Amino acid sequence: MSRRRQIYEGKAKILYEGPEPGTLIQYFKDDATAFNALKKGTINGKGVINNRISEHVFTLLSHINVPTHFIRRLNMREQLVRQVEIIPIEVVVRNVAAGSISKRLGIEEGTQLPRTIIEYYYKDDALGDPLISEEHIACFGWASPEEMHDIADMAIRINDFMCGMFAGIGIRLVDFKLEFGRFWENDFARVILADEISPDGCRLWDLTTGEKLDKDRFRQDLGGEVEAYQEVARRLGLLPEGSEESDVLDLDTHRKKRGK
Ligand code: UDP
């Protein structure tokens, strides 16, 4: 089978040229990294689950008029997306203190924040994605004030929606990371949600037990990563009741054997 042209390979995904101009194929890998790629590993079947979860969340977000790059899922590990110019900012939304904010400011993990916080990080692996302010973004022209207004507005709407969605399935949305891109229509650029939303870039805690159902299981060597990702997918109704994680993996193996 002829292989498509690879456009970019990131830590968890590969982008290939899409079938039509202005489209890309986003392939979800099982590779996992943490601490700016100092820790590397594989979570078997993660790519399959994240492809499915991200499709689900992006589809629901489009129903509340959040524009996204998602067009449609192609197979177990791939989705067709709009080509965008990625804005080099990681947008982190926090509802509960955890991770870097707890470390940096000495706030105990699990503290409910009195209000939601939006933070910006400059996307640069060599610099370790430093925390930046809107002043830096404006000064260096990484995004215009109008784009930042749209980004903050979408981040809040996405957070409101996802808090409710996860609360409905017994999950506390602690924090998450978003990426946005410029989508060009004629000479006009519109900011749309890009990348993915999955347990790789969210902190998801079970509402009653506090159990971590996200990449912290990998970061903190807690084990059970696949089961945790699978549990999120199951609660979202993306796996038939009673199905096992191995069913998903079997399907994926089957697809690979067919060379698709
Ligand atoms: N996050 C991410 N990619 C990054 C950095 C953070 O997806 O490069 C997500 C992370 O999974 C968490 C949220 O953003 O849900 C906030 O991460 P934090 O700043 O606490 O950093 P960390 O503790 O992961 O280093």
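Let me begin by describing the structure that accompanies this report.

Conventions we followed
- Residues numbered from 1 in each chain as written.
- Predicted model: local features only at pLDDT ≥ 70, side-chain atom pairs only at ≥ 80, totals over all residues.
- Heavy atoms only, no water.
- 1 Å grid on protein atoms, 1.4 Å probe; cavity = no way out; pocket = protein on both sides within 12 Å on 5 of 7 lines; lining within 4 Å.
- Points joined across faces, edges and corners; volume = space filled by probe spheres on them.
- Helix = DSSP H or I, 4+ residues; strand = E, 2+ residues; numbered from the N terminus.
- Nonpolar A, V, L, I, M, F, W, Y, C, P; charged D, E, K, R; others polar.
- Core = buried A, V, L, I, M, F, W, Y, C linked by side-chain atoms within 4.5 Å.
- Buried < 20%, exposed > 50% of the residue type's maximum accessible area, 1.4 Å probe, protein only.
- Contact = heavy atoms within 4.5 Å.
- Phe/Tyr/Trp six-rings, centres within 6.5 Å; stacked < 30°, edge-to-face > 60°.
- Lys NZ or Arg CZ within 6 Å of the ring centre and 35° of its normal.
- Axes fitted to C-alpha atoms, helices over the stretch in contact; angles between N-to-C directions.
- Parallel < 35°, antiparallel > 145°, perpendicular 65-115°, else oblique.
- Left-handed = near helix turned anticlockwise from the far one by under 90°.
- Salt bridge = Lys/Arg side-chain N within 4 Å of Asp/Glu carboxyl O.

## Some details on empty space enclosed by the protein
Working step 1: Scanning the model with the defined rule gives one cavity of 30 Å³ or more in all.
Working step 2: Put simply, the largest cavity is a space of about 30 Å³.
Working step 3: Lining of the largest cavity is provided by Ile53, Val57, Phe166, Ile197, Ser198, Pro199, Cys202, Leu204 and Val232.
Working step 4: Listed by contribution, the elements that provide at least two residues to the lining of the largest cavity are α1 (46-63) and β14 (202-206).
Working step 5: When grouped by side-chain class, the residues that make up the lining of the largest cavity number eight nonpolar, one polar and no charged.

## Things to note about the nonpolar core
Working step 1: Core analysis: the largest hydrophobic core is formed by 49 residues, its most contacted members being Ile89, Ile158, Phe166, Leu178, Phe180, Leu193 and Ile197.
Working step 2: The biggest single contributor to this core is helix α4 (residues 145-167), with eight residues.
Working step 3: Not counting residues up to four positions away in its chain, the partners in contact with leucine 178 are Ile89, Glu90, Val91, Ala155, Ile158, Leu193 and Ile197.
Working step 4: Listed in part, the five residues of the second largest apolar core include Ile14, Ile25, Tyr27 and Leu80.

## Side note on the environment of isoleucine 158
Working step 1: For isoleucine 158, the position within the fold is in helix α4.
Working step 2: The class for isoleucine 158 is buried, based on a relative accessible area of 0%.
Working step 3: Taking the C-alpha atoms as reference, isoleucine 158 lies 29 Å from leucine 222; in sequence the two are 64 residues apart.
Working step 4: What isoleucine 158 contacts, discounting residues up to four positions off in sequence, is Leu61, Val66, Phe176, Leu178, Phe180, Leu193 and Ile197.

## Focus on the environment of phenylalanine 161
Working step 1: Within the secondary structure, phenylalanine 161 is located in helix α4.
Working step 2: Considered as a pair, phenylalanine 161 and isoleucine 64 are 97 residues apart in the sequence and their alpha carbons are 8.6 Å apart.
Working step 3: Apart from residues lying up to four places away in sequence, phenylalanine 161 is in contact with Leu60, Leu61 and Ile64.

## A few points about the packing of aromatic side chains
Working step 1: Per the counting criterion, the structure on display carries two aromatic pairs.
Working step 2: A centroid spacing of 4.0 Å and a plane angle of 15° characterise the contact between tyrosine 122 and tryptophan 142, whose relative ring orientation is stacked. You can see tyrosine 122 sitting in strand β10 (residues 112-122) and its partner tryptophan 142 sitting in the loop between α3 (134-140) and α4, a full 20 residues away along the chain.
Working step 3: Accessibility expressed as a relative area gives 18% for tyrosine 122, which makes it buried.
Working step 4: When its relative accessible area of 17% is taken as the criterion, tryptophan 142 is described as buried.
Working step 5: Connected via pairs of aromatic rings, a cluster forms that spans Tyr122, Phe140 and Trp142.
Working step 6: A cation over an aromatic ring shows up here: arginine 4 above the ring of tyrosine 16, its NZ or CZ 5.0 Å from the ring centre.

## Overview of the packing of α1 against helix α6 (residues 225-235)
Working step 1: At a closest axis distance of 10 Å, the pairing of α1 and α6 adopts a crossing angle of 25°. Compared by their axis directions, α1 and α6 come out roughly parallel. Between α1 and α6 the crossing geometry is left-handed. Contact residues: Lys46, Ile49, Asn50 and Ile53 in α1; Val226, Tyr229, Gln230, Val232 and Ala233 in α6.
Working step 2: Residues of the contact of α1 with α6, tallied by class, amount to six nonpolar, two polar and one charged.

## Considering the pattern of salt bridges
Working step 1: Considering all chains together, one arrives at 30 salt bridges under this definition.
Working step 2: The residue glutamate 9 makes a salt bridge to lysine 29 at a minimum N-O spacing of 2.7 Å. Of the two residues, glutamate 9 sits in strand β1 (residues 6-9) while lysine 29 sits in the loop between β3 (23-28) and β4 (31-34), which places them 20 residues apart along the sequence.
Working step 3: Lysine 29 sits in the buried class, given a relative accessible area of 10%.
Working step 4: Between aspartate 195 and lysine 177 there is a salt bridge, and its shortest N-O distance comes to 3.3 Å. Here aspartate 195, found in the loop between β13 (188-194) and β14, pairs with lysine 177, found in strand β12 (residues 171-185); they are 18 residues apart in sequence, far enough to count as distant.
Working step 5: If you follow the salt bridges from partner to partner, you end up with Arg94, Arg104, Glu119, Asp175, Arg203, Asp216 and Arg219 in one network.

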